[in-house]
Amino acid sequence: HFKMEFPRCKRRRSADTEPVSWRVLPVLSDEQCQDTQLLDAYAAPIADKRQTSRLVRALATVYPMAGLQHIKRVRARKDPGSPHPLEIIVCLVRDLPATGDERGKSIAELLSSADVDTSALGEPFLVKIPASPPLTRPQFELASKHWPTSFHEDKQVTVALRGDLFTPGEKAKMQGFMETAIAAARAGQREGMQPVGGVIVDPQTERIVAVGHDCSQGAHPLQHAVMVCIDLVARAHGGGAHQYKYAHCKFSEAGSPPRLRNGSALGLEVKGNVDELEPNALPYICTGCDLYVTREPCVMCAMALVHSRIGRVFYGAASLDGALGSRYKIHTQKGLNHHFDVFKGVMEQECEDLISKPS
Amino acid sequence: MGTRSERDFRRPSPEDIEGWMQKAFDMARAALDSGEVPVGCLMVHSNQLVGKGGNEVNETKNATRHAEMVALDQVLEWCRLEGRDHSEVLPQTVLYVTVEPCIMCAAALRLFHIPLVVFGCKNERFGGCGSVLDIPGDDLPNTGTAFECISGFRAEEAVEMLKTFYKQENPNAPKPRVRKD
């Protein structure tokens, strides 16, 4: 079989050269990237601002706005010349009985059934307020355009969205691993396979555990690059289900089992902590490992990575039915018992070229 | 890819379905009796058994070796031995399995152009045929062919077997513990 010797020179070379030209961006959950949903609400100017705290208390009793704790009830009016510098949310439109006519309600109509002194409130008007708390800085900035909201910033996510989560040195190492995956993809292509390659790395030791490429055009249609890599990691641990006759599908003997990285940098709920498992709980052999793969995995491969407890995935090019961002986000899928961080864009152009410019 | 209608898949009769599911349940029962994961999984082509799989995750140390993946490998091997083209055999092959295939296996079945899957109980944790995702029915133009599912076949019995299995001391199962934090 193929024990491997990895050319280290390539990695060193790329580490010494210019800063990399690509950006690595996180693939966040739908909740983290969707546009802020908005709700219709009535707000009114506060004519006498000494009444503000009384009004906040009174309106919170009549219209508590359940589930909207992120909304600040009072905002400072944007126009500094305004005679009434503060505005308060009276109620949500959905809190009122539907009449079909939502415009032009008076304060008396809005608070008809309540015992609230409304003399300090001006004419109500319609506003849109964010329906859910912002999870990322872009969501917060968008939400704040509509109405002030509170934001518990996850700094790691903010940094990741700027493309600055990794240092130039870390990116140079990533490039080295992706270059190995690209070389495997090209080698597979020369064997008549799809030009997709992958590398599984133990980030603690920076050691490559397995390299593989697509083998699906041969005897086995399911031997996508990721499936091959996972099976090669199993072989490295003395298991494995298949033999691969290709020189660029290879593994190195496993050293000590990789340790789990501590949680998600991207604000994911990380389940399946390794401490909850038996110390030698097999076959979660990819626990704590990183996968570098030239193309976004399909849903079969993405779920195989969940079953194998991969630590992080870095891919170059997106794919049409891709399951780590494009069509599904298996790594953040609700209901699954393992979540992991995914980053895209590593050597994106070179990975795109594998598909669009076959060698 | 391509549409199913071109291939005019010959559906098994209700009696055939009943008979093959009986065999799948027998297989699951036998696995349970020998302390293995009680899942029975058969692949049938023209009313002939062409693949049969049990979970091989522990012996291969590969977490993707679910019964369906093992059975799919056997179908390929059957095609090789019989000198048959798998691209003709697979679109005429039915999977009978006692538990809903997971998301990975469901996608593998699409990639193999399997037309029909008959299963017993749902798999709430990983199920890819309706429980967590609906892989057979979703619009995935680059992931093989959509397939039909017949679900809930003797579901209670399938669940009972799994419950019995997980109640037994299973040295390979993750031990649930109370979270420390």
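See above for the structure.
Just so it is clear, the structure is predicted and the values come from calculations on it, not from any experiment. Residue numbers run consecutively from 1 along every chain, following the written order of its sequence. To read the labels, note that chains go from A and ligands from 1, taken in the order they are written. In keeping with the model being predicted, local features are shown solely for residues with a pLDDT of at least 70 and side-chain atom pairs are shown and tallied solely at 80 or more, while totals for entire chains, interfaces and linings include all residues. Note that water and hydrogens are dropped before the side-chain values are worked out from all heavy atoms of the structure.

(A) Spotlight on the overall build of chain B. Counting its regular elements, chain B contains 6 helices and 5 strands. Numbering of helices and strands runs from the N terminus, with a helix taken as a DSSP run of H or I at least four residues long and a strand as a DSSP run of E at least two residues long. Reading chain B from its N end, one meets helices and strands in the order α-β-β-α-α-α-β-α-β-β-α. Contacts were defined at the residue level, with two residues in contact if any of their heavy atoms lie within 4.5 Å. Taking as baseline every contact in chain B between residues at least 6 positions apart, the subset at least 24 positions apart corresponds to 65%. Carbon and sulfur atoms make up 49% of the accessible area of chain B, which amounts to about 8,600 Å² in all. Values of accessible area rely on a 1.4 Å probe in the Shrake-Rupley scheme; residue burial ignores everything except the protein chains shown.

(B) Geometry of the sheet that holds strand E3 (residues 93-99) of chain B. Residue and element names in this part refer to chain B. We call two strands paired when DSSP finds no fewer than two bridges between them. Spatial ordering of the open sheet is given by E2-E1-E3-E4-E5, a layout of 5 strands whose pairing is mixed. Both edges of this open sheet fall to strand E2 (48-53) and strand E5 (148-150), since each of them pairs with a single strand only. Sheet twist, expressed as the mean angle between neighbouring strand axes with direction ignored, is 20°. Sheet analysis places strand E4 (residues 116-121) next to E5, joined by 3 bridges and oriented parallel. Residue Leu116 lies in a different strand from E5, and its bridge partner there is Glu148. Where helix H6 (residues 155-167) meets the sheet, it contacts E3 and E4, and its direction lies at approximately 60° from that of E4. Axes here mean lines fitted to C-alpha atoms, for a helix over just the part in contact, with angles spanning 0 to 180 degrees between N-to-C directions.

(C) Broad picture of the interface of chain A and chain B. The interface is formed by 40 residues belonging to chain A together with 41 residues belonging to chain B. Note on chain A versus chain B: buried area summed over both sides is about 3,300 Å², and carbon and sulfur give 61% of it. Throughout this description, the term salt bridge denotes a Lys or Arg side-chain nitrogen within 4 Å of a carboxyl oxygen of Asp or Glu. Viewed at the interface, chain B and chain A are joined by 0 salt bridges. Of all the secondary-structure elements, those providing two or more residues to the side of chain A that touches chain B are helix H8 (225-236) and helix H9 (299-307) of chain A. The term buried area means the drop in 1.4 Å probe accessible area that two parts suffer when joined, counted for both and summed.

(D) A look at H8 of chain A. Residue and element names in this part refer to chain A. In a regular helix each residue adds 1.5 Å, so 12 residues correspond to 16 Å; H8 covers 16 Å between its end C-alpha atoms and thus fits that length. Burial status follows relative accessibility: with a 1.4 Å probe on protein chains alone, a residue under 20% of its type maximum counts as buried, one over 50% as exposed, and anything between as partly exposed. Buried within H8 we find Ala225, Val226, Met227, Val228, Cys229, Ile230, Asp231, Leu232, Val233, Ala234, Arg235 and Ala236. Directly after H8, the chain includes Gly238, whose backbone phi takes a positive value near 90°. Residue count minus one, scaled by 1.5 Å, sets the expected span of a helix.

(E) Fine view of the pattern of salt bridges. Residue and element names in this part refer to chain A. Scanning the entire structure with this criterion turns up 16 salt bridges over all chains. For Lys128, the salt bridge is made with Asp40, and the minimal N-O distance between the two is 2.8 Å. Highlighted residues: Lys128 in strand E5 (residues 125-130) and Asp40 in strand E2 (residues 38-46), separated in sequence by 88 residues. Relative accessible area serves as the criterion here: at 42%, Lys128 is assigned to the partly exposed category. Judged by relative accessible area, which is 38%, Asp40 ranks as partly exposed. Taking the shortest distance from any N to any O, the salt bridge between Lys173 and Glu206 comes out at 3.0 Å. Of the two residues, Lys173 is situated in helix H7 (residues 168-190) and Glu206 in the loop between strand E6 (197-202) and strand E7 (207-213); the sequence distance between them amounts to 33 residues. Given the relative accessible area of 38%, Lys173 is considered partly exposed. Classification of Glu206 by relative accessible area gives partly exposed; the value is 28%.

(F) Quick look at the side chain of Thr64 of chain B. By the secondary structure assignment, Thr64 of chain B is in the loop between helix H2 (57-60) and helix H3 (67-82). The term polar contact refers here to a pair of N or O atoms within 3.5 Å; inside protein, the definition further demands a hydrogen-donor-capable atom paired with an acceptor-capable atom, and it admits residues adjacent in sequence only when both atoms are side-chain atoms. Engagement of the side chain of Thr64 of chain B in a polar contact is seen with the side chain of Asn62 of chain B, the distance being 2.7 Å. With sequence-adjacent residues up to four places away left out, Thr64 of chain B is seen in contact with Met227, Ile230, Ala304 and Ser308 of chain A together with Met69 and Met104 of chain B.

(G) Here's a closer look at the layout of surface pockets. In this structure, the second largest pocket occupies an estimated 690 Å³ of space. Here a cavity means grid points, on a 1 Å grid over the protein atoms only, where a 1.4 Å probe fits yet cannot get out; a pocket means an open set of points with protein on both sides within 12 Å along at least five of seven lines; lining residues are those with an atom within 4 Å of a point. Forming the walls of the second largest pocket are 29 residues, and the residues nearest its centre are Gln194, His224, Arg295 and Cys298 of chain A together with Asn142 of chain B. Taken together, the elements giving at least two residues each to the lining of the second largest pocket come down to H8, strand E9 (290-295) and helix H10 (348-356) of chain A. Charged means Asp, Glu, Lys or Arg here, nonpolar means Ala, Val, Leu, Ile, Met, Phe, Trp, Tyr, Cys or Pro, and polar covers whatever is left, Gly included. By residue class, the composition of the lining of the second largest pocket is 13 nonpolar, 11 polar and 5 charged. Grid points are joined across faces, edges and corners, and a volume is the space filled by probe spheres set on the points.

(H) Region of the structure containing empty space enclosed by the protein. Inspection of every chain in the model, using the stated rule, returns 3 cavities of 30 Å³ or more. Looking at the second largest cavity, its volume works out to about 120 Å³. As for the second largest cavity, its lining consists of 13 residues, and the residues nearest its centre are Leu222, Met227 and His242 of chain A together with Thr64 and Arg65 of chain B. Per element, the largest residue contribution to the lining of the second largest cavity is 3 residues, and it comes from H8 of chain A. Looking at side-chain class alone, the lining of the second largest cavity contains 5 nonpolar, 5 polar and 3 charged residues.

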